[in-house]
Amino acid sequence: MAGAVSTGAFPELTAGNLGVRLALSGADIDAVQALRYRVFYGELGARQSAETRATQRDRDLFDAVADHLVVVDHSLGDGADSVVGTYRLIRRDGARRAGQFYSAGEYDISRIEAHPGAILELGRSCVDAGYRNRAVMQLLWRGIAAYVFHHQIDLMFGCASLPGTDPDALAEELSYLYYHHLAPPEIRPRALASRYVPMQRLDRAAIHPPSALNRLPPLIKGYLRLGGFVGDGAVIDADFNTIDVAVVVQTDLVTEKYYRHYERQTREIAD
């Protein structure tokens, strides 16, 4: 199953040898799916189907309706082998073609879908083991900000993962997220009843917020730094060996420096 190829919503943004842009070819998307396989299945131990094992690619039906953000290392060349990071981006039209957003398999996102403005689902984020540093994460966020700016997105959302499938082992982290970052009711996803795992596993007074925040995965901390919220209820994803939380970010709360950077690059290109 191939993915959707973008014509490019914004020019490539660069930082040294690294660049971030949208996937522009079938080879790019194949490289994205190979990277996701190495990280999700090779490193994190996700459960493989026979097809996944045979192809060594992480693929699903949503790839064909998504834009795929990629970080490339030009020191490795300009081909598909240079892809070292990725994010999957799905807008309303893509979800309509797929029948739903990916997150709808875990959460009731009807309040988000009822939002009158443009919405964007973020997912399938991963970075090659040799590139997990601040520079790459900042570049991914610059790419997301450029995409949001181009498509005038009002609200971003998606599922973010914590490692393991035992919620009690993550009791402080889940409780911290619930008590300190629960989304406002009007944009709050709720885990589907059949999959709902309570997040408030400890009393609020028993939580040490700095410690809980420090133990969160970098991706979730990144969402929180952008003013993000979480939904009500966690979900155990046994196939991917994770516990998922729903994350919501209002783009008017996204750090202004990302927009200033994109506007500055746009002006430089225009000049």
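Higher on the page you've got the structure.
What you see is a predicted model; the values in this text were computed from it and never measured.

Procedures and definitions
- Residues numbered from 1 in each chain as written.
- Predicted model: local features only at pLDDT ≥ 70, side-chain atom pairs only at ≥ 80, totals over all residues.
- Heavy atoms only, no water.
- Helix = DSSP H or I, 4+ residues; strand = E, 2+ residues; numbered from the N terminus.
- Rg over C-alpha atoms; globule rule 2.2 N^0.38 Å.
- Buried < 20%, exposed > 50% of the residue type's maximum accessible area, 1.4 Å probe, protein only.
- Contact = heavy atoms within 4.5 Å.
- Areas by Shrake-Rupley, 256 points an atom, 1.4 Å probe, with all protein chains shown as cover.
- Lys, Arg positive; Asp, Glu negative; His and termini not counted.
- Charge placed at Lys NZ, Arg CZ, Asp CG, Glu CD.
- Phe/Tyr/Trp six-rings, centres within 6.5 Å; stacked < 30°, edge-to-face > 60°.
- Lys NZ or Arg CZ within 6 Å of the ring centre and 35° of its normal.
- Salt bridge = Lys/Arg side-chain N within 4 Å of Asp/Glu carboxyl O.

J.: Where do I start with the overall build of the chain in this structure?
T.: The helix and strand inventory of the chain stands at nine helices and 11 strands. Its C-alpha radius of gyration of 18 Å places the chain within 12% of the 18 Å reference for a compact globule of 271 residues. Viewed in the frame of its principal axes, the chain has a C-alpha envelope of about 55 × 45 × 35 Å. Within the chain, the proportion of its 271 residues that are buried is 51%. Put simply, of all contacts in the chain between residues at least 6 apart along the chain, 77% involve residues at least 24 apart. Accessible surface, the chain: about 12200 Å² in total, of which carbon and sulfur atoms supply 50%. Charge-centre separation for the chain: the mean point of 29 positive side chains lies 2 Å from the mean point of 34 negative side chains.

J.: Teacher, can you tell me more about the packing of aromatic side chains here?
T.: Between two aromatic rings, the relevant description is the distance of the centres plus the angle of the planes. With the rule as written, the count across this model stands at eight aromatic pairs. Between Tyr 37 and Tyr 41, the aromatic rings sit 5.2 Å apart at their centres with planes inclined by 20 degrees, giving stacked as the arrangement. Of this pair, Tyr 37 and Tyr 41 both sit in helix 1 (residues 26-43), separated by four residues, roughly a single helical turn. Of the two residues, Tyr 37 and Tyr 41, both sit in the buried class. Ring pairs connect the aromatic residues Tyr 37, Phe 40, Tyr 41 and Phe 240, which therefore count as one cluster. Between the NZ or CZ atom of Arg 88 and the centre of the ring of Tyr 102, over which it lies, the distance is 5.6 Å.

J.: I would appreciate a short explanation of the environment of Tyr 179 in the present structure.
T.: Tracing the backbone through its elements, the reader meets Tyr 179 in helix 6 (residues 171-181). Residue classification places Tyr 179 among the partly exposed residues on the basis of a relative accessible area of 23%. It is 6.9 Å that separates the C-alpha atoms of Tyr 179 and Arg 204, two residues lying 25 residues apart in sequence. Among all residues touching Tyr 179, those that are not within four sequence positions of it are Gln 200, Leu 202, Asp 203, Arg 204 and Ile 207.

J.: Before we go on, may I ask you to explain the pattern of salt bridges in this structure?
T.: Applying the stated criterion across every chain, the model contains 18 salt bridges. For Asp 128, the salt bridge is made with Arg 38, and the minimal N-O distance between the two is 3.6 Å. Here Asp 128, found in the loop between strand 6 (118-127) and helix 5 (134-151), pairs with Arg 38, found in helix 1; they are 90 residues apart in sequence, far enough to count as distant. By relative accessible area, Arg 38 is classed as partly exposed at 40%. Ionic pairing is found between Glu 172 and Arg 215, a salt bridge with its closest N-O pair at 2.4 Å.

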